Amino acid sequence: MTLAPTFDTSKLPPISDGLEGIVVAETVLSDVQGAAGRLTLRGKSVEELAETGSFDSAVEHLTRDLLPTSAPAQVSLAEGRSLAWEQIGVLRAADPDLSAFEMMTIGLAALPSSAAGENSLMLAGALSVFLAGGYRLKAGLEPIAPDATAETAADLLRMLTGSVPPAAHVAGLNRYLTTVLDHGLNASTFAARVIASTNANAKAGLLGAMGALSGPLHGGAPGPVLDMLDAAQNSGNVRAWIGGELRAGRRLMGFGHRVYRTRDPRADVLKTGLAALSKDSGRVALAEEIEREALSALALHKPERKLDTNVEFYTAVLLEAIGIDRSLFTPLFAVGRAPGWCAHMAEQQAKGRLIRPQSRYVGP
Ligand code: ACO
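The notes below deal with the structure included here. (Residues numbered from 1 in each chain as written. Predicted model: local features only at pLDDT ≥ 70, side-chain atom pairs only at ≥ 80, totals over all residues. Heavy atoms only, no water.)

1. Details of unusual backbone geometry
A positive phi is found at Leu19, a non-glycine position, where the angle reads about 55°. If you trace the backbone, Leu19 turns up in the segment before β1 (30-33). We note that Asp65 has phi near 65°; this positive angle belongs to a residue other than glycine. Here Asp65 lies in the loop between α2 (55-63) and α3 (73-86). (Helix = DSSP H or I, 4+ residues; strand = E, 2+ residues; numbered from the N terminus.)

Printed below as a string of structure tokens:
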């Protein structure tokens, strides 16, 4: 006996796996040109933004007049850090075996929903304190209070290490955070917009976006990039090691992208920043060798699919050169992307339409 479908499936449009090629929103925030390898954030190229200002000024540029606050972004982010500091006690009670990323979500979840009012950027700013405080508590160290007069990158590094960070490290972190600030309708931003479309509050949207970001196909890749560099180096034969990985059906972390069919422009923004930072030229040379070998192996492995370097590859090398532990790479990605999520959620709520696609039933 064949069961009749409950409605006429032939009238549904064809499925696009992974929503590839489906446009579901208009945005003024960022434009990802996949074929040309160009990224524009509210009219400015990512290269210009990352070269000419701090992360806080890039957030100001991206969010100006879009959020229901007249406070400058730097002030909102700093107020968020002060707010988080009032709640740092919840991290003391957390299991120290939780990851730094999980610690951040606990801190964010514990913030009173009303504390930031309409100013979601304060929630984004709070993440730095939970990142640094959670990391220090896990290491058996006391968290360090934020400095409301500082900008995000400098304050974050100081809260992590306990000392005034070198200017080159601050510049490197500003460059990284700016580079990942916004990137079209990536998985975590889409998750944030879906949640915002239900009129849930910004904290719920940020927590949902962080969940989406945490996966290795999205923001979880840069830590494994360093693991890959180590494994390739220890193997003594980079080319053979890469070939073995691909033959075993494993993906090379830091390569491939859903939208870019050429080099991710952010990879070069980060690579350029590395020049001012890395004293370990051997490590950079190793990264370059692995990149070269990976690209030629991938060209043979998937000739029909242009797989090129993505943002995560040089993220890993740059953050390592700043001295940041690899367990913090994904949490840092959340710090950089969170203001972008806030702006997208505001845009979505201004649109006022619930996101609710359909599925095609193929069950019994
Ligand atoms: N290494 C080896 N093979 C790869 C890689 C890779 N890095 N990326 C894609 N492929 C292969 C896939 O296995 C697939 O092969 P198949 O057709 O035989 O199954 C083919 O290329 C097409 O890949 P898709 O999965 O369709 O590509 P998709 O657009 O879904 O994925 C993604 C993009 C997730 C980034 C993928 O390239 C990947 O897994 N890369 C490694 C992880 C990574 O670097 N993530 C960070 C992404 S950047 C960011 O989120 C900020």
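2. With respect to the sheet that holds strand β2 (residues 38-41)
An order of β1-β2-β3 is seen for the three strands of this open sheet, with the pairing classed as antiparallel. The open sheet has two edge strands, β1 and β3 (44-45), and neither has a second partner. (Pairing = 2+ DSSP bridges.)

3. Let's talk about helix α16 (residues 329-351)
For α16, which comprises 23 residues, the first-to-last C-alpha distance of 33 Å matches the rise-based estimate of 33 Å (1.5 Å per residue) to within 8%. Of all the bends found along α16, the most pronounced is centred on Arg337 and spans about 40°, while Pro339, a proline, follows it within four residues. In terms of burial, α16 is largely enclosed, as 20 of its 23 residues are buried. Residue Gly352 follows α16 closely and has a positive phi angle near 70°. (Expected span 1.5 Å × (residues − 1). Bend = angle between axes of the 7 residues up to and from the residue. Buried < 20%, exposed > 50% of the residue type's maximum accessible area, 1.4 Å probe, protein only.)

4. Some points on the packing of aromatic side chains
The description of an aromatic ring pair rests on the distance of the ring centres and on the angle between the ring planes. What the rule picks out here adds up to two aromatic pairs. Note on Phe255 and Phe313: the rings are 5.1 Å apart at their centroids and 50° apart in plane angle, and the pair reads as tilted. Remark: Phe313 occurs in helix α15 (residues 311-322) and Phe255 occurs in the loop between α12 (238-247) and α13 (265-275); sequence separation between them is 58 residues. Judged by its relative accessible area of 0%, Phe313 is buried. Taken together, Phe255, Phe313 and Tyr314 form an aromatic cluster joined through their ring pairs. (Phe/Tyr/Trp six-rings, centres within 6.5 Å; stacked < 30°, edge-to-face > 60°.)

5. Focus on the side chain of Glu347
Within the secondary structure, Glu347 sits in helix α16. Of note is the side chain of Glu347, whose polar atom sits 2.7 Å from the side chain of Thr27. Apart from the residues lying within four places of it in its own chain, the contact partners of Glu347 are Glu26, Thr27, Val28, Leu29 and Arg193. (Polar contact = N/O pair within 3.5 Å; in protein donor to acceptor, adjacent residues only side chain to side chain. Contact = heavy atoms within 4.5 Å.)

6. Overview of the site of the ligand
Within the structure, the ligand sits among 22 residues, and Arg251, Leu252, Arg258, Lys302 and Arg305 are positioned closest to it. A distance of 2.6 Å is found between an oxygen atom of the ligand and a side-chain nitrogen or oxygen belonging to Lys302. Within the complex, 77% of the 920 Å² of free accessible area of the ligand lies under protein. Counting only elements with at least two residues in the shell around the ligand, the list comes to α14 (281-301) and α15. Of the residues contributing to the shell around the ligand, the split by class is eleven nonpolar, six polar and five charged. (Near = heavy atom within 4 Å. Areas by Shrake-Rupley, 256 points an atom, 1.4 Å probe, with all protein chains shown as cover. Nonpolar A, V, L, I, M, F, W, Y, C, P; charged D, E, K, R; others polar.)

7. Comments concerning the nonpolar core
By size, the foremost hydrophobic cluster in this structure holds 102 residues, and its most contacted members are Leu173 and Tyr176. If we ignore the near neighbours within four places in the chain, the residues touching Leu173 are Ala153, Leu156, Leu157, Leu319, Ile322, Ile324 and Leu332. (Core = buried A, V, L, I, M, F, W, Y, C linked by side-chain atoms within 4.5 Å.)

8. Notes on the pattern of salt bridges
With the rule as written, the count across this model stands at 19 salt bridges. Arg258 is the partner of Glu20 in a salt bridge, and the nearest nitrogen-oxygen pair spans 3.7 Å. Here the residue Glu20 occupies a position in the segment before β1, and Arg258 occupies one in the loop between α12 and α13, the gap between them amounting to 238 residues. Of the charged contacts, one joins Asp308 and Lys306 as a salt bridge, the two residues approaching to 3.0 Å between their closest N and O atoms. Of the residues examined, Asp308 reaches a relative accessible area of 11% and is grouped as buried. When salt bridges with common partners are traced through the structure, they connect Asp227, Asp230, Arg283, Glu320 and Arg326 into a single cluster. (Salt bridge = Lys/Arg side-chain N within 4 Å of Asp/Glu carboxyl O.)

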